[in-house]
Amino acid sequence: SFITSLNDVIDLDATRMNALRTHVPGAVWLLVLCVAVVGCFASGYSSGASGARSKFTNIILPSLIAIAITLVADLDRPRGGLIGIKQQPLIDLRQSLMADEEISSRSQ
């Protein structure tokens, strides 16, 4: 039972560390940027062809593209940014183990 639990902890730690080291591939970044460029170009061309600009063309589309790129970038770096992965469970576990170690060293 102890060996199984220890093995599960080791596997979870390896999975966690792999998630922190893995990043969004360059091809995905290229695709996101190409979609952004084509979307802005098509929107600007449409505005130029019609002779009138709209709020969508000037404000909403570039804002949505910037939000999407920011979200992908933020999810790519879990240690910083607006969306972060909390390390509090690991800190609590460490403190618990240290407290158990102190109690066992006192009893000896």
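The coordinates are above.
As a starting point, this report considers the structure included with it. Within each chain, residue numbers correspond to sequence positions counted from 1 in written order. It should be noted that, the model being predicted, local features are given only for residues of pLDDT at least 70 and side-chain atom pairs only at 80 or more, the latter also being counted only at that level, while totals for whole chains, interfaces and linings use all residues. Side-chain calculation: all heavy atoms of the structure are included, whereas hydrogens and water are not.

A word on the packing of aromatic side chains. Within a pair of aromatic rings, the relevant descriptors are the distance that separates the centres and the angle that separates the planes. We call Phe, Tyr and Trp rings a pair once their centres come within 6.5 Å, taking the six-membered ring for Trp, and we label the pair stacked below 30 degrees between planes, edge-to-face above 60, and tilted otherwise. Under the criterion given, the structure shown has 1 aromatic pair. Arranged with centres 6.2 Å apart and planes meeting at 25 degrees, the rings of Phe41 and Tyr45 form a pair that is stacked. Of this pair, Phe41 and Tyr45 both sit in helix 2 (residues 26-50), separated by 4 residues, roughly a single helical turn. Using a relative accessible area of 60% as the deciding quantity, one classes Phe41 as exposed. Helix and strand assignments come from DSSP, with helices taken as H or I runs of at least 4 residues and strands as E runs of at least 2, each series counted from the N terminus. The classification of residues rests on relative accessible area computed with a 1.4 Å probe and restricted to protein chains. Under 20% of the type maximum is buried, over 50% is exposed, and intermediate values are partly exposed.

To continue, consider the layout of surface pockets. Taking a probe equal in size to a water molecule and rolling it over the atoms shows the remaining empty space. Note on definitions: the grid is 1 Å and covers protein atoms alone; a cavity is a set of points where a 1.4 Å probe fits but cannot get out; a pocket is an open set with protein on both sides within 12 Å along at least five of seven lines; lining residues have an atom within 4 Å of a point. Grid points are joined across faces, edges and corners, and a volume is the space filled by probe spheres set on the points. Taken as a whole, the largest pocket spans an internal volume of roughly 190 Å³. Lining the largest pocket, in full, are Val9, Leu12, Asp13, Arg16, Leu90 and Leu93. Within the residue set of the lining of the largest pocket, elements represented by two or more residues are helix 1 (2-21) and helix 4 (88-107). With 4 residues, the single largest contributor to the lining of the largest pocket is helix 1.

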